[in-house]
Amino acid sequence: MPELPEVETVMRGLSAVLEGRTIRAASVARPDLRWPFPAGLAERLAGARVGGFRRRGKYMLMRLSGGDSVLIHLGMSGRMVAQPMDAPPRDAPVPHEHMALETTDGVRVGFVDPRRFGCVDLVPTAAEDGHRLLAGLGPEPLEPGFTPSVLAAALRGRRTPLKAALLDQKVVAGLGNIYVSEALFRARLSPLRAASSVTGADAERLVPAIRAVLAESIEAGGSSLRDYVHADGGIGFFQERFKVYDREGLPCDECPGPPGCPGIQRVVQAGRASFHCPRLQR
DNA sequence: CATTAGCCCTGAGAGC
DNA sequence: TGCTCTCAGGGCTAAT
């Protein structure tokens with residue numbers, strides 16, 4: 001589900017209610033999600049003070065006093081639900097809530113993930129980037145190290161379609177199916193192109209397009225389609241600004257007319273839907 | 001090494 | 001209304 005802007009937004013929401021607070025208690029409701037929960041997770045959380053948060057690609061890291069960081073991935077359907085503990089009591093357990101913690105100042109945060117594609121792990125804070133799930137990630141698209149030449153180098157020699165290459169977290173960290181389509185539209189590049197053909201001026205357009213679409217989405221609170229909500233239950237609004245994603249057959253609003261846009265096309269690449277304007281994107 | 005297919009799950013929506 | 005089918009924002013692993 002969540003791509004970089006959604007993870008960033010959730011993380012900011014968690015930071016607001018957890019940073020500097022002390023965890024009074026934690027509970028784990030099942031042994032595993034994608035992988036087993038780390039041994040002693042609830043015990044390691046209990047009593048710890050929450051330091052800062054950090055995002056790496058689609059992963060969140062919550063630093064604890066004591067030297068551990070909690071690594072969280074929301075998978076496709078994961079959400080973090082923060083509520084005051086004096087909220088009206090529920091008459092039934094929250095469905096698919098697999099983990100929860102409570103702070104000493106009365107906030108309860110649950111990790112809810114129906115599809116269970118998410119994961120939670122512990123990693124020493126001093127060695128976060130060495131974790132097996134983070135070690136291979138490509139550059140952060142919103143940081144200065146993500147430059148046209150870095151991107152072109154990552155795409156060099158790859159005969160796979162550009163769309164599939166940008167979904168590869170080793171090329172750039174944090175893009176998913178929505179934002180790849182949207183960034184390619186902004187850069188006027190076809191998702192069908194060979195990745196290796198993106199050099200020079202194409203890469204010079206693609207990097208700022210990726211940056212802009214991610215930054216604008218964060219600004220809008222992310223995109224709320226099926227499952228995604230903020231930690232406080234609020235929703236994002238960037239879906240209202242999609243130019244191509246899930247708009248098959250509709251005209252794009254940037255083709256010059258008349259006659260205007262021939263219609264946004266949906267194609268399946270590597271098992272995932274891609275959306276593009278065949279006239280503007282080459 | 002690069003690339004693809006299969007798979008892990010549940011739920012929402014479409015079509016009948 | 002209720003059934004069945006398809007698809008969904010991800011990413012690992014095994015096979016090619």
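On a predicted model such as this, the values are computed, not experimentally measured, just so you know. (Residues numbered from 1 in each chain as written. Chains lettered and ligands numbered in written order. Predicted model: local features only at pLDDT ≥ 70, side-chain atom pairs only at ≥ 80, totals over all residues. Heavy atoms only, no water.)

A. Highlighting the overall build of chain A. Summing up its helical and strand segments, chain A has six helices and 10 strands in all. Against the globule reference of 19 Å for 282 residues, chain A gives a C-alpha radius of gyration of 20 Å, in line with a compact fold. When burial is assessed residue by residue, chain A has 51% of its 282 residues classed as buried. Contacts in chain A between residues at least 24 apart in sequence constitute 65% of all its contacts with a sequence separation of at least 6. Working note: accessible area of chain A is about 12500 Å², and carbon and sulfur atoms make up 52% of it. Distance from the positive charge centre (36 side chains) to the negative charge centre (31 side chains) of chain A: 7 Å. (Helix = DSSP H or I, 4+ residues; strand = E, 2+ residues; numbered from the N terminus. Rg over C-alpha atoms; globule rule 2.2 N^0.38 Å. Buried < 20%, exposed > 50% of the residue type's maximum accessible area, 1.4 Å probe, protein only. Contact = heavy atoms within 4.5 Å. Areas by Shrake-Rupley, 256 points an atom, 1.4 Å probe, with all protein chains shown as cover. Lys, Arg positive; Asp, Glu negative; His and termini not counted. Charge placed at Lys NZ, Arg CZ, Asp CG, Glu CD.)

B. A look at the protein's contact with DNA strand C. Among the 25 residues in the neighbourhood of DNA strand C, the closest are listed as Arg-34, Lys-58, Arg-226, Tyr-228 and Arg-272. When atoms of DNA strand C within 4 Å of the protein are split into backbone and base, the sugar-phosphate part holds 56%. Within the side chain of Arg-266, an N or O atom sits 3.0 Å from a phosphate oxygen of DNA strand C. Every element with two or more residues in the surface near DNA strand C is listed here: helix 5 (177–187) and strand 10 (272–276). Broken down by class, the residue content of the surface near DNA strand C amounts to 11 nonpolar, six polar and eight charged. (Near = heavy atom within 4 Å. Polar contact = N/O pair within 3.5 Å; in protein donor to acceptor, adjacent residues only side chain to side chain. Nonpolar A, V, L, I, M, F, W, Y, C, P; charged D, E, K, R; others polar.)

C. Molecular detail of the protein's contact with DNA strand B. For DNA strand B, the full set of nearby residues is His-96, Pro-114, Arg-115, Arg-116, Phe-117, Arg-158, Arg-159 and Thr-160. Each atom of DNA strand B within 4 Å of the protein belongs either to a base or to sugar and phosphate, the latter forming 57%. Of the residues that constitute the surface near DNA strand B, the class distribution is two nonpolar, two polar and four charged.

Shape is all these values report; function is a separate question.
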